[in-house]
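Residues per chain are reported as follows:
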Amino acid sequence: MHKSLKLDPNKCTGCLQCEMACAYQHHKTFNTSRSRIKIFSFEREGRKVPYTCTQCDEAWCLHACPVEAIVRDPKTGAKVVLEDLCVGCKVCTVACPFGTVNYMAKTGKVQKCDLCAGDPACAKACPTGAITYVDADWTGLGRMRQWAEKTDTNPATV
Amino acid sequence: MSYTKKILRVNLTAGTCSAEPLNLEWAAQYLGQRGLATKYLAEEIDPKVDPLSPDNKLIFATGPLTGTAASTGGRYSVITKGPLTGAIACSNSGGFFGAELKFAGWDMVIFEGRSPKPVYLLLEDDQATLLDAGHLWGKTVWETEETIKTTHQDPLMRVSSIGRAGESGVLFAAIVNDLHRAAGRSGVGAVMGAKNLKAFAVRGTRTDAYAPADPEAFFAAVDKGKAVLAANPVTGQGLPAYGTQVLMNVINEVGALPTRNASQVQFEGARAISGEAMKEPRATDGKTNLISHIGCFGCTIACGRISKMDPGHFSIKGKPEYQGASGGVEYEAAWALGAACGINDLEALTYVNFLCNEDGMDPITLGSTIGAAMELYEQGLITREEAGMELPFGSAEALVKLSELAARGEGFGQVIGLGSKRLCAKYGRPELSMSVKGLEFPAYDGRGLQGMALEYATSNRGACHVRGYMVSPEVLGIPVKMDPAATEGKAPMLKAFQDLTAVVDSAGICLFTTFAWSADDIQPQIQAACGGDWSMPTLMAAGERIWNLERRFNLAAGFTAKDDTLPRRILTEPAKTGPQQGKVAELARMLPEYYQVRGWTPEGVPTPETNARLGLVP
């Protein structure tokens with residue numbers, strides 16, 4: 001069963017524990033500038049929104065890569081950058097419609113979310129459940145449940 | 001270890017920036033942030049220096065847990081000699097600036113001298129540059145932050161700056177980062193303004209600057225700490241839901257809510273300005289004042305209030321810039337701008353809170369000073385002509401207008417900008433200033449909570465709630481319930497709270513963790529982050545050392561035991577209502593014992609034995 005990262009902006013407080021966890025997981029460093037998930041703050045609306053790669057099925061980045069350095073991890077479905085093959089040409093960063101593949105000047109490679117091989121650090125670090133790792137086929141299940149709860153299955157007798 | 005081991009020294013007079021190694025010997029004694037920066041300040045300036053002169057220094061300091069994955073580990077402090085008090089000033093802020101400073105590879109930045117013209121510091125990793133701020137002078141914090149990010153085309157930059165209040169010498173000007181997080185009290189923003197330093201922008205991309213000494217032990221301790229915060233009813237539920245505003249009704253009920261310049265201890269309008277009221281639909285537009293809650297860097301509590309005002313409210317009608325979401329009132333601000341002035345208009349308080357963020361002012365001192373002005377007005381000492389307006393208790397219009405004037409340093413706002421001590425002295429009624437050592441006390445009445453009375457009288461930066469929060473035992477029962485009316489046992493408990501708070505403020509984490517965390521939760525995180533010896537005795541000795549260092553700074557600055565007192569009203573006018581009716585603050589019954597448990601002489605001076613025990617040079 002494949003799983004997906006499910007992001008719920010309504011629960012996000014913007015604490016950046018996810019960004020810290022991501023940076024530490026992949027680079028053993030405390031610095032959000034190395035995170036592959038980013039939290040955006042929309043100050044005027046008082047909203048915080050987490051955003052990262054959605055692991056497109058027909059991934060633009062994967063198809064655009066001229067050296068086949070982006071491959072599909074069969075275990076998780078994640079599109080993973082093979083750093084040994086990546087030449088830092090950045091074509092994938094242009095191809096991605098969502099901006100979730102980014103170049104790192106310090107390494108000369110690109111980086112993107114790889115779902116931590118099936119155990120995403122960001123989801124584990126999130127204190128509010130704004131980031132969860134759930135059945136890829138049923139990311140809508142929670143919202144369906146909310147509406148189901150509102151469905152009146154015991155109508156008043158006429 | 002989780003120090004970057006580097007500090008930046010910025011000489012504003014000469015316009016130079018230079019790196020130097022952190023004094024690790026001092027770090028082992030003073031931990032970081034508040035403690036360590038106070039050590040640097042005490043070593044480098046004459047305590048008698050004029051706070052607004054070039055001879056004063058201004059230090060931005062992080063702690064060893066700042067910029068780590070520890071919950072709430074994003075704090076920084078600004079340390080200087082305070083212009084409102086003449087005492088040691090240390091103001092702590094959250095948001096994201098502190099962690100970014102650490103990411104850039106710096107434990108501390110020391111500003112000295114005075115720039116001949118307005119400048120801002122741009123710090124990008126190792127690259128420190130002083131840039132002309134002529135175009136930013138006269139701009140608000142909000143405009144400044146946006147302009148700097150736009151100029152450098154870097155939305156990930158973090159900015160800490162002063163608004164017009166800091167420029168125009170408001171003595172309680174704050175330094176504000178991330179739009180609405182502030183190093184709020186004691187006038188640190190006025191020192192920044194006097195140095196012609198408009199802003200400090202930082203961006204950090206270093207990945208090798210610091211790491212925990214023992215990563216495995218560090219994550220184990222951090223994860224345990226997070227679980228404790230999540231499970232605790234205050235940090236896990238109360239603070240995220242209501243913020244510190246959860247206290248408004250509670251403190252009013254125990255009869256410790258200073259009202260109308262502390263002439264009363266309960267406010268009939270408390271309910272209307274409470275955390276509960278912020279979540280209820282407004283009568284005017286059916287929407288709630290509170291729209292979301294946010295966390296500072298790394299914070300798994302997330303007590304921050306985000307509010308959206310009624311666009312039809314008189315204070316912001318036709319002013320779209322205030323009609324979006326921004327930082328809402330916390331308890332202390334709601335009290336000062338509300339109860340202290342007898343005002344029950346939550347929207348007006350929210351607007352003035354926005355102003356405090358926008359132009360960098362401490363809402364506690366602002367509200368308390370306006371409350372004092374209202375009393376002087378009602379006694380006929382301030383005239384309508386002089387103030388340029390009617391100024392009775394309860395007037396939201398007066399609060400709004402005076403706050404706008406104070407923020408810009410205009411008209412009667414200039415007098416408000418001096419704080420209540422100077423205001424009341426000007427009108428010949430110094431006893432009407434609800435301050436200790438020149439700093440206005442916050443939202444707890446010393447007649448209702450005897451431990452808080454002792455805390456106000458002895459706090460090193462003047463009356464303050466975040467130096468030893470006796471509300472915890474006296475109201476909330478943390479760690480044990482103490483009778484708020486009792487004087488017995490308060491001195492040793494206060495000492496323990498003050499020393500632990502010094503540790504928390506020096507570590508880089510938020511004081512609010514201590515609603516749930518004891519020293520046993522904090523010590524393993526510091527030990528694993530720093531390495532070396534940070535066992536419990538070492539840690540608590542550091543807390544006590546920091547407290548005594550601050551005390552010695554104040555004594556050298558000219559303070560004496562006579563200054564460890566309270567406003568006459570709190571000592572002599574009994575509480576009129578509530579559970580503590582008839583009570584006054586019984587300071588004389590607690591203070592001698594406090595000096596004794598501190599190891600100080602009856603004159604409040606650390607004894608040679610105490611100095612020797614803490615390794616403080618006499």
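Residues numbered from 1 in each chain as written. Chains lettered and ligands numbered in written order. Predicted model: local features only at pLDDT ≥ 70, side-chain atom pairs only at ≥ 80, totals over all residues. Heavy atoms only, no water.

## As for the sheet that holds strand 8 (residues 127–132) of chain B
Residue and element names in this part refer to chain B. Pairing is mixed in the open sheet, where six strands are placed in the order 8-7-12-9-10-11. With partners counted over all chains shown, the strands left at the sheet margins are strand 8 and strand 11 (181–183), one partner each. For this sheet, the mean angle separating the axes of adjacent strands, direction not counted, is 20 degrees. Note that strand 10 (residues 175–177) and strand 11 share three bridges and pair antiparallel. (Pairing = 2+ DSSP bridges. Helix = DSSP H or I, 4+ residues; strand = E, 2+ residues; numbered from the N terminus. Axes fitted to C-alpha atoms, helices over the stretch in contact; angles between N-to-C directions.)

## Looking at the sheet that holds strand 14 (residues 304–307) of chain B
All names here are of chain B. An order of 13-14-15 is seen for the three strands of this open sheet, with the pairing classed as antiparallel. The outermost strands of the open sheet, each flanked by one partner alone, are strand 13 (290–294) and strand 15 (326–327). Where strand 13 lies against strand 14, four bridges are found, and the strand directions are antiparallel. Counterpart to Ser292 in the pairing with strand 14 is Ile306.

## So, the confidence of the model for chain B
The pLDDT averaged across chain B works out to 97; a share of 100% of its residues lies at or above 70. Prediction confidence for the complex, expressed as pTM and ipTM, is 0.97 and 0.95 respectively. (pLDDT = per-residue confidence, 0-100.)

## Points about the nonpolar core
Inside soluble globular proteins, nonpolar side chains tend to come together where they are buried. All names here are of chain B. Formed by 191 residues in total, the largest nonpolar core has its most connected members in Trp335, Leu366, Leu391, Tyr444 and Ile526. Contact partners of Leu391, with chain neighbours within four places excluded, come to Ala373, Met374, Tyr377, Ile382, Ala398, Leu402 and Phe412. One finds Leu58, Val78, Val109 and Ala183 within the second-largest nonpolar core, a separate group that totals 26 residues. (Core = buried A, V, L, I, M, F, W, Y, C linked by side-chain atoms within 4.5 Å. Buried < 20%, exposed > 50% of the residue type's maximum accessible area, 1.4 Å probe, protein only. Contact = heavy atoms within 4.5 Å.)

## Here we look at the domain arrangement of chain B
Residue and element names in this part refer to chain B. Split by domain assignment, chain B resolves into domain 1 (6–203), domain 2 (259–433) and domain 3 (449–614). The centre of domain 2, based on its C-alpha atoms, is set 28 Å off from the matching centre of domain 3. On the domain 3 side, the residues contacting the 13 residues of domain 2 number 12 residues. The contact between domain 2 and domain 3 buries some 980 Å² in all, and 57% of this surface belongs to carbon and sulfur atoms. When the buried surface of domain 2 facing domain 3 is broken down by residue, Val265, Gln266 and Glu431 rank first, second and third, together holding 37% of it. Taken together, the connections running from domain 2 to domain 3 amount to one salt bridge. For Glu375, the salt bridge is made with Arg569, and the minimal N-O distance between the two is 2.7 Å. Applying the counting rule to domain 2 against domain 3 returns six residue pairs in polar contact (both at pLDDT 80 or more). Grouping the amino acids of the side of domain 2 that touches domain 3 by side-chain chemistry returns six nonpolar, four polar and three charged. (Domains from an automatic or database assignment. Buried area = accessible area lost by both parts, 1.4 Å probe. Salt bridge = Lys/Arg side-chain N within 4 Å of Asp/Glu carboxyl O. Polar contact = N/O pair within 3.5 Å; in protein donor to acceptor, adjacent residues only side chain to side chain. Nonpolar A, V, L, I, M, F, W, Y, C, P; charged D, E, K, R; others polar.)

## What to know about the environment of A:Ile37
The topology assignment puts A:Ile37 in the loop between helix 1 (17–27) and strand 2 (38–42). Judged by its relative accessible area of 2%, A:Ile37 is buried.

## As for the side chain of B:Ser186
With respect to the helices, strands and loops of the structure, B:Ser186 is situated in the loop between strand 11 and helix 6 (188–194). With near-sequence residues (within four places) excluded, B:Ser186 lies in contact with B:Gly82, B:Pro83, B:Leu84, B:Ala89, B:Ser91, B:Leu171, B:Leu439 and B:Arg461.

## Structural notes on the interface of chain A and chain B
Contacts between the two partners involve 21 residues from chain A, matched on the other side by 42 residues from chain B. Summing both partners gives a buried area of about 2200 Å² for chain A against chain B, and 55% of it is carried by carbon and sulfur. Among the residues chain A hides against chain B, the three largest losses belong to A:Gln17, A:Phe30 and A:Arg44. Together they make up 29% of the total. Run the count over chain A and chain B and you get zero salt bridges. The element contributing the most residues to the side of chain A that touches chain B is helix 1 of chain A, with three residues. Split by residue class, the side of chain A that touches chain B holds six nonpolar, eight polar and seven charged.

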